[in-house]
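One-letter residues, chain by chain:
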Amino acid sequence: GKIWSQLFCYVLLIPVKVVGHPEVLKKTSYVFVANHQGSFDIFLIYGFLGRNFKWMMKKSLRKMPFVGKACEAAGHIFVDKSGPKKVIIEHARHVLQNGTSLVVFPEGARTFTGHMGYFKKGAFQLADELQLEVVPVTIDGSFKILPRTGKWIHPYRMILTIHDPIPPKGQGIENIKATMAEAYAAVESALPEEYKGMVKNEDQDR
């Protein structure tokens with residue numbers, strides 16, 4: 001996935017810049033939370049995050065031909081809102097060890113405007129249960145390349161900003177809310193001014 005994603009960006013003449021922090025260690029497991037600008041977010045994360053990770057994704061993606069089976073075989077974590085949370089937590093506890101991290105788009109859907117929607121709390125609840133540090137990640141440029149409503153690719157630079165990890169402050173709902181707010185502010189801080197300010201996606205609640 002890493003080589004394929006890097007090659008894809010190279011062939012399409014899409015320059016990528018990674019702004020990282022040494023505090024994010026390769027042998028430590030984290031929950032990475034990123035804004036969701038567009039389809040090229042996947043190539044940016046896969047190709048340039050530089051960490052061994054699994055995705056947290058909607059249960060509905062498991063039904064996609066080929067993709068669903070491949071993701072299941074790779075150990076990615078599917079979220080089933082109708083099922084018991086303990087099953088998801090125990091699966092994550094088994095997977096997220098020895099430096100294997102989790103990547104989540106907590107908005108749950110790609111933006112229509114370039115602005116961030118609100119964060120859902122699932123990833124933060126998981127980080128709270130497992131007492132893992134949350135690492136905010138800002139994706140900038142993917143929306144310019146191929147927005148959700150677009151049909152054509154427009155080469156444009158992408159910047160991946162990896163912010164300082166947010167350690168658990170305790171356990172429980174207040175810790176979850178505080179971590180969500182801190183992560184949201186960090187992700188938004190590295191966006192261009194034109195995309196700052198929350199705009200709710202019309203399909204976020206699905």
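Residues numbered from 1 in each chain as written. Predicted model: local features only at pLDDT ≥ 70, side-chain atom pairs only at ≥ 80, totals over all residues. Heavy atoms only, no water.

Quick notes on the nonpolar core
Piece 1. Ranked by internal contacts, the top residues of the largest apolar core, which has 25 residues, are Val-31, Phe-119 and Phe-124.
Piece 2. Those residues in contact with Val-31 that sit more than four places away from it in its chain are Leu-102, Val-104, Ala-123, Ala-127, Leu-132, Glu-133, Val-134 and Val-135.
Piece 3. Judged by nonpolar contacts, the second largest core, of 23 residues, contains Val-24, Phe-53, Ile-139 and Leu-160. (Core = buried A, V, L, I, M, F, W, Y, C linked by side-chain atoms within 4.5 Å. Buried < 20%, exposed > 50% of the residue type's maximum accessible area, 1.4 Å probe, protein only. Contact = heavy atoms within 4.5 Å.)

Brief notes about a nonpolar patch on the surface
Piece 1. Side chains of Leu-7, Tyr-10 and Val-11 sit close together on the surface and give an oily, nonpolar patch of about 370 Å² of accessible area.
Piece 2. Inspection of the secondary structure puts Leu-7 in helix H1 (residues 2–11). (Patch = residues over 30% accessible without salt bridge, like charges linked within 9 Å, V, L, I, M, F, W, Y side chains within 5 Å. Areas by Shrake-Rupley, 256 points an atom, 1.4 Å probe, with all protein chains shown as cover. Salt bridge = Lys/Arg side-chain N within 4 Å of Asp/Glu carboxyl O. Helix = DSSP H or I, 4+ residues; strand = E, 2+ residues; numbered from the N terminus.)

Here we look at the packing of aromatic side chains
Piece 1. Tallied over the entire structure, the rule returns 13 aromatic pairs.
Piece 2. Summarising the aromatic geometry, the rings of Tyr-46 and Phe-53 are spaced 5.5 Å apart at their centres and angled 40 degrees between planes, so their arrangement reads as tilted.
Piece 3. Residue classification places Phe-53 among the buried positions, given a relative accessible area of 8%.
Piece 4. By the ring-pair criterion, three or more aromatic residues cluster together here, those being Trp-4, Phe-8, Phe-40 and Phe-43. (Phe/Tyr/Trp six-rings, centres within 6.5 Å; stacked < 30°, edge-to-face > 60°.)

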